[in-house]
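Residue-level listing of the chains:
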Amino acid sequence: MNVRTGDILLMKKKHPCGCSEFSVLRIGADFRIKCNGCGREIMLERVKVEKNIKKIIREE
């Protein structure tokens, strides 16, 4: 997948706070994403993140 830092990911599953949009902070073997609703930062495996992406929103 073509995901870059600064992108906003619309995920299939929502965060417990109810928001489904996450900002990408770091990319590598793991992704560091930040919930746009509550601001919590989460570190997940690349495979899990790519599996749960519904849409990539880029601000160019």
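Scope of this entry: the structure provided in the associated data block. Being a predicted model, the structure only gives us computed values, none of them experimental.

This part covers the pairing of strand β2 (residues 21-26). Of the pairings in the sheet, the one linking strand β1 (residues 8-11) to β2 comprises three bridges and is antiparallel in character. Paired with L10 across the strands is E21, a residue of β2. Looking at chain direction, β2 and strand β3 (residues 30-35) are connected through four bridges and run antiparallel. Bridging across to β3, R26 finds its partner in R32. With antiparallel pairing between neighbouring strands as the criterion, β2 and β3 make up a hairpin whose turn holds three residues.

Turning our attention to the sheet that holds β2. Here five strands make up an open sheet; going across it, the order is β4-β3-β2-β1-β5 and the pairing antiparallel. Of all the strands in the sheet, the pair left with one neighbour each is β4 (41-45) and β5 (53-57). Averaged over all pairs of adjacent strands, the angle between their axes in this sheet comes to 35 degrees, without regard to strand direction.

One can find N2 in the segment before β1. The spatial distance from the C-alpha of N2 to the C-alpha of P16 is 26 Å, given a sequence separation of 14 residues. Those residues within four positions of N2 in sequence are excluded, and the remaining contacts are D7, I56 and R58.

Criteria and cut-off values
Note that residues are indexed from 1 along each chain, following the sequence as it is written. With pLDDT at 70 or above as the cut-off, local features in this predicted model cover only qualifying residues; side-chain atom pairs require 80 or more to be listed or tallied, and sums for whole chains, interfaces and linings still use all residues. Only heavy atoms go into the side-chain values, all of them from the structure, while hydrogens and water stay out. In short, DSSP must find at least two bridges between two strands for them to pair. The numbering of helices and of strands both runs from the N terminus, where a helix is a DSSP run of H or I of at least 4 residues and a strand a run of E of at least 2. To get an axis, a line is fitted to the C-alpha atoms, and for a helix only the part in contact is used. The angle between two axes follows their N-to-C directions and goes from 0 to 180 degrees. In this description, contact between two residues means that some pair of their heavy atoms is separated by no more than 4.5 Å.

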